Amino acid sequence: DDNKAAIAAAGGLEVLVSLARDGNEAQKERAAGALWNLAHNDDNKAAIVAAGGIEVLVSLARDGNEAQKERAAGALWNLAHNDDNKAA
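A brief look at the structure comes next. Computed from a predicted structure; not experimentally measured.

1. Examining the pattern of salt bridges
Under the counting rule described, the total for this entry stands at four salt bridges. When the shortest N-O distance is used, the salt bridge between R71 and E29 registers 3.6 Å. In this pair, R71 is assigned in helix α6 (residues 66–79) and E29 in helix α3 (residues 25–38), connecting sequence segments 42 residues apart. The shortest N-O distance in the salt bridge between D42 and K45 comes to 3.4 Å. Of the two residues, D42 and K45 both sit in helix α4 (residues 42–50), three residues apart, roughly one turn of that helix.

2. Quick word on α3
In this model α3 runs 20 Å from its N-terminal to its C-terminal C-alpha over 14 residues, within 8% of the 20 Å that 1.5 Å per residue would give. K28, A31, A32, G33, L35 and L38 are the residues of α3 that are buried. Looking at the buried residues of α3, the elements they touch are α1 (2–9), α2 (12–22), α4, α5 (53–63) and α6. One side-chain oxygen at the N-terminal end of α3 lies 3.1 Å from the backbone nitrogen of A26; it belongs to N24.

3. Some thoughts on the packing of α3 against α6
Remark: α3 packs on α6, axes separated minimally by 8 Å, with the N-to-C direction vectors making an angle of 25°. Between α3 and α6, the angle is such that the two are roughly parallel. Judged by the sense of rotation from one axis to the other, the crossing of α3 with α6 is left-handed. Between α3 and α6, the residues in contact are E25, K28, E29, A32, G33, L35 and W36 and A67, Q68, E70, R71, A72, G74, A75 and N78, respectively. When its residues are assigned to classes, the contact of α3 with α6 shows six nonpolar, four polar and five charged.

4. As for the nonpolar core
Generally speaking, a soluble globular protein has its nonpolar side chains buried in company with each other. With 17 residues, the main nonpolar core has A20, L35, I48, L57 and L79 as its most contacted residues. Of all elements in the fold, only α2, α3, α5 and α6 reach the threshold of two or more residues within this core. With near-sequence residues (within four places) excluded, L35 lies in contact with L13, L16, V17, A20, I48, L57 and A75.

Basis of the calculations
- Residues numbered from 1 in each chain as written.
- Predicted model: local features only at pLDDT ≥ 70, side-chain atom pairs only at ≥ 80, totals over all residues.
- Heavy atoms only, no water.
- Salt bridge = Lys/Arg side-chain N within 4 Å of Asp/Glu carboxyl O.
- Helix = DSSP H or I, 4+ residues; strand = E, 2+ residues; numbered from the N terminus.
- Expected span 1.5 Å × (residues − 1).
- Buried < 20%, exposed > 50% of the residue type's maximum accessible area, 1.4 Å probe, protein only.
- Contact = heavy atoms within 4.5 Å.
- Polar contact = N/O pair within 3.5 Å; in protein donor to acceptor, adjacent residues only side chain to side chain.
- Axes fitted to C-alpha atoms, helices over the stretch in contact; angles between N-to-C directions.
- Parallel < 35°, antiparallel > 145°, perpendicular 65-115°, else oblique.
- Left-handed = near helix turned anticlockwise from the far one by under 90°.
- Nonpolar A, V, L, I, M, F, W, Y, C, P; charged D, E, K, R; others polar.
- Core = buried A, V, L, I, M, F, W, Y, C linked by side-chain atoms within 4.5 Å.

The structure is reproduced here in structure tokens:
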């Protein structure tokens, strides 16, 4: 959890959301996977949502390749474990 907090504190969540939206295919896949892992932390969940992550992850889950869809769905699964995000 220390590393997860350090990534967030360094602005990494916003960078990962941007890569998941605008990166090349491999970058989108890896960014979605990183967001999946980082979304286990409640503070990170709120920051991912604030960075526009839900819309980006839904788009990847809908339109991405198979690996992107799997990772985006996993990230959305973790985000759904926060009552504030279920309505988003």
